Amino acid sequence: MSDAYFTTPFGRRSVTFGQLARQTAARAVAPEGQVQKWQVFRNITEGKARLGVSDRSLAVLNALLSFHPETLLSAGNELVVFPSNRELSLRAHGMAPATLRRHLAALVEAGLVIRRDSPNGKRYARKGPGGVIETAYGFDLTPLVSRAGEFERVADEVRAHRKAIMLLRERITLLRRDIRKLIQFAEQEALPGPWTDLTAQLASLSGHLPSTTPKTILETTVDALQHLCTDVHKTLEKNIIFQKLSADESQSERHLQNQPSENRDSEDERIAATTSETPPSLHRHEGRQDDVRLDDVLSACPAITDYSRTPITSWNELLKAADLVRTFLGVGREAWHDTCGLLGPRTAAAVIAAILERHQQIRSPRAYLHTLTARARSGTFSVGPMLLALRRAKLATEPSTTDAFATREEAAGKAIGPLRPHPSDTLPSPRLHPPIRLGQLGYPDPENVKRYRRHGPLVRIGPRT
């Protein structure tokens, strides 16, 4: 190392305060200080944006470090490396000479190395007795030792910032997902609340956030989404339905009917009441009780056939159609499974078909099904009377065969018009003949009759009047 306190660059390069300050810091490092050069290089790589160096400059620094034989960099030892531009370019993956000189200047400007130029500007070393290097001219790596703590602190800050960005983005993703699914749940369950406004607010906060989005904008987005999520939760908590949710998810469909309703005498209750015409003693309470015939269900509830791609000829096809229809009626999967478990799949499918048949008269099919299920659980419901009532209602609305025939006859008579009367003298009066008694006195002989049949046409036999 040069004995001069300050070293100046060769040629037309000027001296700056920064260069003098870095040389002063390098001289002030403790002699016993040492660092692992590749760990320092990793810290510099982590904080390259904060230190103002590019990845190409780091490639040149990596090449310079490779020319130092030791892994540990000690302040008390000679830390000047003096490779030629040709060798340095080869270790920098064939970097062009002009590019190499530009990145060497960037490393000097960033204070990562110190340039110690020879009198003629070339890099070389002088060795003394025993091959020991006495003087070397090139690039001094001492700043890597003196600023090792700074590099480590910058790398830790960059890692913490990157982790904070990652956590903020995760939080944004989770909040968006939770809000969107809660709003969808509320809309599917027809819960009261300003869901349209909340959806619009979520849409305004769901824009794309590039990877270069500043941390402040991400924090602002998280705060806005957190407030929106709080509003959604408060709106759900105001519903009695949400407050009565059980920890058991299997009850998430049945709890909807436990809320007090002002429509206890509504049309739904009156329709459900007509299905319990059979006395309780005639019901079987074991579940899966009704022996329902497929033909009876289809004749009483023909509307369900419109929801099947093929004609319904088996119970499996009816069950598939009923499972599709119950989604349109607002019956959840858990409620449907509970109904099938209590009534049996066939009876449950028949009930869904009956509800579809009268859906215009039923305000809430889900509440209606819950009422029927509750009555079946208490043994006061059977699907037979329900189907019978539907068939009677269809027969009552359809005109009878006699009435239809009379209507058609009347229409035909109006098309033909009135008939003309016939004069009485033009109609021949009927002649009544007494029965012919063959073989008696005064009547032809049967043999003669046979003879007439053989020899010619049969003439009229019998007295004329």
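To be clear, the structure that these remarks concern was listed above.
Note that the structure is a prediction, hence the values are computed from the model and not measured.

Peer 1: Give a detailed account of the side chain of R326, specifying residues and quantitative values.
Peer 2: Relative to the helices and strands, R326 resides in helix α14 (residues 315–328). Polar contacts involving the side chain of R326 include one to the side chain of D323, which spans 3.0 Å. Setting aside anything within four residues of it in sequence, one finds R326 in contact with V331, G332, R333, W336 and I352.

Peer 1: If you had to explain the packing of helix α8 (residues 148–188) against helix α10 (residues 215–237) to someone new, which residues and values would you point to?
Peer 2: Between α8 and α10, the least distance of the axes is 9 Å, while the angle of their chain directions is 25°. As judged from the angle between their axes, α8 and α10 are roughly parallel. α10 is crossed by α8, and the crossing has left-handed handedness.

Peer 1: Before we move on, can you summarise the packing of aromatic side chains with the specific residues and values?
Peer 2: If you walk through the whole model with that rule in mind, you get three aromatic pairs. Between Y124 and Y137, the ring centres sit 5.2 Å apart and the planes meet at 55°, which makes this aromatic pair tilted. Residue Y124 is found in strand β5 (residues 124–127), and its partner Y137 is found in strand β6 (residues 133–140); the two are separated by 13 residues along the sequence. The exposure class assigned to Y124 is partly exposed, which follows from its relative accessible area of 24%. Pairing Y307 with F328 gives two aromatic rings, centres 5.9 Å apart and planes at 45°, and the pair type is tilted. Here the residue Y307 occupies a position in the loop between α13 (294–300) and α14, and F328 occupies one in helix α14, the gap between them amounting to 21 residues. Sitting over the ring of F67, R91 keeps its end group 3.8 Å from the ring centre.

Peer 1: Outline the environment of R86, listing residues and values.
Peer 2: In this structure, R86 sits in helix α5 (residues 85–91). Exposure remark for R86: the relative accessible area of 66% places this residue in the exposed category. Measuring from C-alpha to C-alpha, the distance between R86 and L100 comes to 9.8 Å, with 14 residues separating the pair along the chain.

Peer 1: Let's hear about the nonpolar core: which residues, and what values?
Peer 2: Ranked by size, the top nonpolar core spans 38 residues in total, and within it V297, I304, L318, V351, F381 and V383 carry the most contacts. At the level of secondary structure, the elements contributing two or more residues to this core comprise α13, α14, α15 (333–343), α16 (345–357), α17 (365–378) and α18 (383–397). The leading source of residues in this core is α16, at nine residues. Counting 32 residues, the second-largest nonpolar core is a separate cluster that includes V53, L58, L100 and F139.

Peer 1: Break down helix α9 (residues 195–204) for me, with residues and values.
Peer 2: Regarding α9, the residues found buried are W195, L198 and L202. Projection of α9 onto a plane perpendicular to its axis shows the buried side chains occupying an angular sector of 60°, all on one side. Summarising the geometry of α9, the exposed residues directed more than 90 degrees from the buried face are T196, A203 and S204. Taken together, the buried residues of α9 touch α8 and α10.

Peer 1: Tell me about helix α2 (residues 37–46), and name the residues and values.
Peer 2: Taken residue by residue, α2 has K37, V40, F41, N43 and I44 as its buried positions. Around the axis of α2, the buried residues are gathered within 160° of arc, so they sit on the same side.

Peer 1: Describe the pairing of β6, listing the residues and the values that go with them.
Peer 2: As defined by bridge partners, strand β3 (residues 80–81) adjoins β6 across two bridges and the pair is classed as antiparallel. Bridge pairing links V81 to F139 in β6. In this sheet, β6 lies alongside strand β4 (residues 114–116) in antiparallel orientation, the contact comprising three bridges. Along β6, the bridge assignment pairs I114 with D140.

Peer 1: Outline the pattern of salt bridges, listing residues and values.
Peer 2: A side chain with one charge may pair with a side chain of the opposite charge, provided their charged atoms come close. The final tally for this structure, using the stated rule, is ten salt bridges. Salt-bridge contacts for R116 lead to D140; the nearest nitrogen and oxygen are separated by 3.0 Å. In this pair, R116 sits in strand β4 while D140 sits in strand β6, placing the two residues 24 residues apart along the sequence. Judged by relative accessible area, R116 falls into the buried class, the value being 4%. The closest approach of N and O atoms between R147 and E150, which form a salt bridge, is 2.9 Å. Looking at E150, the relative accessible area reads 27%, which means it is partly exposed. One continuous salt-bridge network, built from bridges that share partners, spans E46, D156, R159 and R162.

Peer 1: Before we move on, can you summarise a nonpolar patch on the surface with the specific residues and values?
Peer 2: On the surface, a nonpolar cluster with roughly 290 Å² of combined accessible area is contributed by Y307, L324 and F328. Of the residues examined, Y307 reaches a relative accessible area of 33% and is grouped as partly exposed.

Conventions and cut-offs
Residues numbered from 1 in each chain as written. Predicted model: local features only at pLDDT ≥ 70, side-chain atom pairs only at ≥ 80, totals over all residues. Heavy atoms only, no water. Helix = DSSP H or I, 4+ residues; strand = E, 2+ residues; numbered from the N terminus. Polar contact = N/O pair within 3.5 Å; in protein donor to acceptor, adjacent residues only side chain to side chain. Contact = heavy atoms within 4.5 Å. Axes fitted to C-alpha atoms, helices over the stretch in contact; angles between N-to-C directions. Parallel < 35°, antiparallel > 145°, perpendicular 65-115°, else oblique. Left-handed = near helix turned anticlockwise from the far one by under 90°. Phe/Tyr/Trp six-rings, centres within 6.5 Å; stacked < 30°, edge-to-face > 60°. Buried < 20%, exposed > 50% of the residue type's maximum accessible area, 1.4 Å probe, protein only. Lys NZ or Arg CZ within 6 Å of the ring centre and 35° of its normal. Core = buried A, V, L, I, M, F, W, Y, C linked by side-chain atoms within 4.5 Å. Arc of directions from axis to C-beta. Pairing = 2+ DSSP bridges. Salt bridge = Lys/Arg side-chain N within 4 Å of Asp/Glu carboxyl O. Patch = residues over 30% accessible without salt bridge, like charges linked within 9 Å, V, L, I, M, F, W, Y side chains within 5 Å. Areas by Shrake-Rupley, 256 points an atom, 1.4 Å probe, with all protein chains shown as cover.

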